[in-house]
Every structure is written in structure tokens, then in C-alpha cells.
Amino acid sequence: MNGVIVVGAGPAGLTAALSLARAAIPVTVLESGNEPPRQPRACTFHPATLDLLDGLGVAAPLVAGGRVVDRVQWRDRLGTVLAEMGMNRLDGLTRHPFRVHADQNALTPLLLRALAVYGDADVRFGARVDGVAEGGTGIRVRVGHTWTRARYLIAADGAQSTVRAALGLPFPRSGHIAQALRVFTDSPLDRMLPSLAPLTYVRDVQQSCTLFGLSDHWRIIFKIPVDGHEPLSQGNLSMLVRRALPGAGGPIRVAGADRFGLSRGVLPSYRCGRVLFVGDAAHLTSTVGGLNMNAGIHDAAEAAQVIAAVLRGRARPAALEAWAWRRRSVLMQRVLPRGETRLVGVREHDSARLAAAMDGLRAIAGDPDATRAYLAQASLLDNVPGRT
């Protein structure tokens, strides 16, 4: 009864659980699936998140298994480099002056392994939450015919949160404003496209995309109209990739593809009594670059810290409301406005606006202080308490 229930065993839920276990707070994780998710998801871990995960003892193996991104590049589809920034400009601001590209599913086994050493941490798969009830000094959660009690609950159960539904909370959500088409290739793009960076934004009024280099493959992300329903055939995908990257020195093999709607949903409050919402259960955004996932990991770690402080008598329960306000403010004021999906001049096929935007980026790239400030914001380093 003095512990915490975490619903959801994704990156946010397990980060919360490990943070609680390290603070000597008993924690029970309830995951509806029979195993951790395996489908490809977000793949960018930002410096601020790597610093956080380092404090939990899991950053080093994540970095070792992923691909280190030491520079960010913008180019046109013909291969001309329009601007480039070195992540080493963040030296002194972070212990990890780089991004790491690794699928978010690479993090979950690391968190589970770290969690396994704590005797007061219980992870239950195949445990779908059917009901939530708050009363007195605690909260009860029903799985099948069994109720489990705790002092607080952290809901990290994704965009289709059963906890949110059980509490009848509204989740204002925009319709799909566009779709993302994600193409996977095992072709060595960095050898086929000279000087290509592991993170490259192709910005061109004819065809834009974003290239993510992982340790064993590349992902090419396109933004397509919401009503685009062309079959994901090998021929169609190959033609789209050739159009986006005509300078590649050879054919690019398409190993797979998927598409998903881009929309936005944010809870009016991340707190409902003794329940705190984190990650996709609290916010769903259409930002590229893993910003939503990274923000969710920070939600979870900070929620666990605040709950631990309240349970240990080091903070008053009002600190929970302060946490909820702060985390929502971070999302609305810092994460959403800098979403990397904003293609100035591209969406409108406006070459003049695109040229002006690239001129601005080149000016930033040519100024070390401006580059440092730009990358610090893009890396969520101003998302950490005590930093500005």
C-alpha cells in the first residue's frame, strides 16, 4: 500500500519504475502485452535524455548499441550541403554532446534488466487494466478479477490509455493533419551520398525527407497528404526514394515501409487525483526526431522523483500538481513550437521562403554561440530543471 503502480512497460513506464526502485519505493508494473513492444518506433535519443538515462545506469549500453550522431546536416535533393552543425558545440552543457539513433525498443530490455535487481519491483506482463478507483489514502487498479492497491499510479500506457479511459478523462485531439511515410533501407546511404551525416534533412520544394542512420539500417521519413493512399508497393516506394535522392550512387534497396497519421493530443492536466500521466498517455504530438518520446521519458523520471519525495515526507502533495503544470508547460512552450516537422517554404512549394530559411540556418551554423544555443534547444537541454 506504500508503493506505486506503473501501467505500461514502454520506455516511459520503465523509466518511472526504475527511478522509483532506485529511491527504495516499492513498484508494480502492469503491462497489457505479453512482452515488450517490438514494432519500430521513435529512434532518436537526445543529449538531455542520455544524461538522464546515464543516471539510471543504462545510457552506456544504449550508446554502444546505437549510432552516435555527431553532426546534423541540411542538403537539397541533388546533394548540395546547405548547412551543417557539429554536436560537439554542446561540450560543457552535457555529458553526451551527441544524439544516439537506436529504436526505442532497444531501451526497454536495458531498463528491465536494471529493474530486475530490485526485490521490491514487480513487472507483470499480460496484465491489462480493467478499472481504476481512488479512495481514502490510496488507489486501486483492477486486472481481471484482482484488485491491486498502491498510494499512487503512474499511467504510461500509451496513446490509447486504458487508465485515461477508465477515469473518463477527455483527450482533446486534432484530426490527422498529415501522414508520415517511413521507408527502411539497408543500403549504405552514407557511402552512396558523399559527406552524408547520420541525421540529414533533405529540404527541397520538389521532394523533402529526413534521413536517420541507425547501426544496421537507414530510415527515410516523408510527410505525405492525409488522403494519400497509394499502395506501398516496391515500385512506388523505389520511385519516391529515387525522386528524393537522385544523387545516390546506385539503387537504394527498400527493405520495408509503413505509414501512420500525424495528429496532436494533450491532456488538459497530467494529474487526476492520485494518478499522474506521462508519455503518450499525456501527450501525442506529430514532431519528428523523437521529441515526444524523449519528453515522455523526462515526464516519467520527474514524476517518480516527485512521488518519492512525497512518500518520504520531503515534499507536500501539492508538489504533484506543480509537476503536472510544469511538464505540460514544457510540452506546450518548448517541445511543440520547435517540432522538426515545420518545413518552411517546402509545404507551400515556395522556393523563396525555403531559401530564406536555409540562409537563416547557415547564419546560425556559421556562429559558434548561435549553433550552441540552437542545438541546446533542439536537444531538450533547456527541458531539464535548473537549466535555461
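Everything here concerns the structure above.
A quick note: this is a predicted structure, and the numbers were derived from the prediction, not measured. (Residues numbered from 1 in each chain as written. Predicted model: local features only at pLDDT ≥ 70, side-chain atom pairs only at ≥ 80, totals over all residues. Heavy atoms only, no water.)

**Q** Could you clarify how one ought to interpret the packing of aromatic side chains in this entry?
**A** Aromatic rings in a pair are described by how distant their centres are and how their planes are angled relative to each other. Applying the stated criterion across every chain, the model contains three aromatic pairs. Judged by centre distance (6.2 Å) and plane angle (70°), the rings of W74 and Y374 are edge-to-face. Within this pair, whereas W74 is found in strand β5 (residues 71–75), its partner Y374 is found in helix α11 (residues 368–378), the two being separated by 300 residues in sequence. On the accessibility criterion, W74 (5% relative accessible area) is buried. A relative accessible area of 31% means that Y374 is categorised as partly exposed. Across the ring face of F171, the terminal group of R164 is positioned such that the distance to the ring centre comes to 3.8 Å. For the cation-ring pair, R274 lies above Y152, with the distance from its terminal atom to the ring centre recorded as 4.9 Å. (Phe/Tyr/Trp six-rings, centres within 6.5 Å; stacked < 30°, edge-to-face > 60°. Helix = DSSP H or I, 4+ residues; strand = E, 2+ residues; numbered from the N terminus. Buried < 20%, exposed > 50% of the residue type's maximum accessible area, 1.4 Å probe, protein only. Lys NZ or Arg CZ within 6 Å of the ring centre and 35° of its normal.)

**Q** Is there a simple way to think about the sheet that holds strand β8 (residues 121–125) in this case?
**A** Strand pairing within a sheet occurs via backbone hydrogen bonds; the two strands may be parallel or antiparallel. Strand order in the open sheet formed by six strands is β8-β2-β1-β12-β20-β19, and the pairing between neighbours is mixed. On the outer flanks of this sheet lie β8 and β19 (271–272), each paired with one strand and no other. Bridging between β19 and strand β20 (residues 275–277) involves two bridges; their strand directions are antiparallel. Residue pairing for β20: R271 is matched across the bridge by L276. (Pairing = 2+ DSSP bridges.)

**Q** How should helix α1 (residues 11–22) be read in this particular structure?
**A** Note that an α-helix has 3.6 residues per turn; residues three or four places apart therefore point the same way. Between its first and last C-alpha atoms α1 spans 16 Å; for 12 residues at 1.5 Å apiece the expected length is 16 Å, and the two agree. Of all 12 residues that make up α1, 11 are buried, and the element is covered over most of its length. When α1 is considered as a whole, its buried residues turn out to be P11, A12, G13, L14, T15, A16, A17, L18, S19, L20 and A21. Note on α1: the residue one or two positions beyond its end, A24, has a positive phi of about 65°. (Expected span 1.5 Å × (residues − 1).)

**Q** I tried to follow the pairing of strand β13 (residues 178–185) on my own but got confused; where do I start?
**A** Looking down a regular strand, the side chains alternate between one sheet face and the other. The buried count for β13 comes to eight of eight residues, which makes it a mostly enclosed element. As paired elements, β13 and strand β17 (residues 256–262) share seven bridges and run antiparallel to each other. Looking at the pairing, Q179 lines up with G261 of β17. Direction of pairing for β13 relative to strand β16 (residues 218–224): antiparallel, over a ladder of seven bridges.

**Q** Could you clarify how one ought to interpret the pairing of strand β2 (residues 27–31) in this entry?
**A** Judged by how many residues are buried, β2 sits mostly within the fold: five of five residues are covered. Judged from the four bridges that link them, strand β1 (residues 4–7) and β2 form a sheet pairing that is parallel. What sits directly across from I5, in β2, is T28. The β-α-β motif built from β1, the intervening α1 and the parallel element β2 has right-handed crossover chirality. (Right-handed = clockwise from strand over helix to strand, strands pointing away.)

**Q** I tried to follow the side chain of H217 on my own but got confused; where do I start?
**A** Mapped onto the fold, H217 is located in the loop between β15 (209–213) and β16. Here the side chain of H217 touches D216 through a polar contact of 2.8 Å, side chain to side chain. (Polar contact = N/O pair within 3.5 Å; in protein donor to acceptor, adjacent residues only side chain to side chain.)

**Q** Sorry if this is basic, but what is going on with unusual backbone geometry here?
**A** A negative phi holds for most residues other than glycine; trans holds for most peptide bonds. One non-glycine residue, A24, adopts positive backbone phi at about 65°. Here A24 is to be found in the loop between α1 and β2. On the basis of relative accessibility, which here comes to 48%, the residue A24 falls in the partly exposed class. Positive phi is not limited to glycine here, since L380 has a value of about 65°. Residue class for L380 comes out buried when judged on its relative accessible area of 1%.

**Q** Teacher, can you tell me more about the packing of α1 against helix α4 (residues 107–115) here?
**A** Packed helices, taken two at a time, are described by the angle their axes make and the gap between the axes. Axis separation between α1 and α4 bottoms out at 10 Å; the angle between their running directions is 20°. Taken together, the axes of α1 and α4 are roughly parallel relative to one another. The handedness of the crossing between α1 and α4 comes out as left-handed. Where α1 approaches α4, its residues P11, L14, T15, A17, L18 and A21 are matched on the opposing element by L107, T108, L111, L112, A114 and L115. In terms of residue class, the contact of α1 with α4 is made up of 10 nonpolar, two polar and no charged. (Axes fitted to C-alpha atoms, helices over the stretch in contact; angles between N-to-C directions. Parallel < 35°, antiparallel > 145°, perpendicular 65-115°, else oblique. Left-handed = near helix turned anticlockwise from the far one by under 90°. Contact = heavy atoms within 4.5 Å. Nonpolar A, V, L, I, M, F, W, Y, C, P; charged D, E, K, R; others polar.)

**Q** I'm lost on the sheet that holds strand β6 (residues 81–86) in this one. Help?
**A** Pairing in this open sheet of seven strands is mixed, and the strands run β6-β5-β14-β15-β16-β13-β17 from one edge to the other. Among the strands making up the open sheet, the edge pair consists of β6 and β17. Shown here is a sheet whose adjacent strand axes are inclined to one another by a mean of 15°, direction ignored. Lying over the sheet, helix α10 (residues 351–365) contacts β5 and β6, oriented at roughly 35° with respect to β6.

**Q** Mind showing me how you'd approach the environment of G256 here?
**A** With respect to the secondary-structure elements, G256 resides in strand β17. For G256 and D299, which are 43 residues apart along the polypeptide, the C-alpha to C-alpha distance reads 32 Å. Those residues in contact with G256 that sit more than four places away from it in its chain are R182, V183 and F184.

**Q** Quick question: what am I supposed to make of the environment of P11 here?
**A** Within the secondary structure, P11 sits in helix α1. Given the relative accessible area of 8%, P11 is considered buried. C-alpha separation for the pair P11 and L107, spaced 96 residues apart in sequence, amounts to 6.6 Å. Beyond its immediate stretch of four places on either side in the chain, P11 contacts Q104, L107, T108, L111 and I297.

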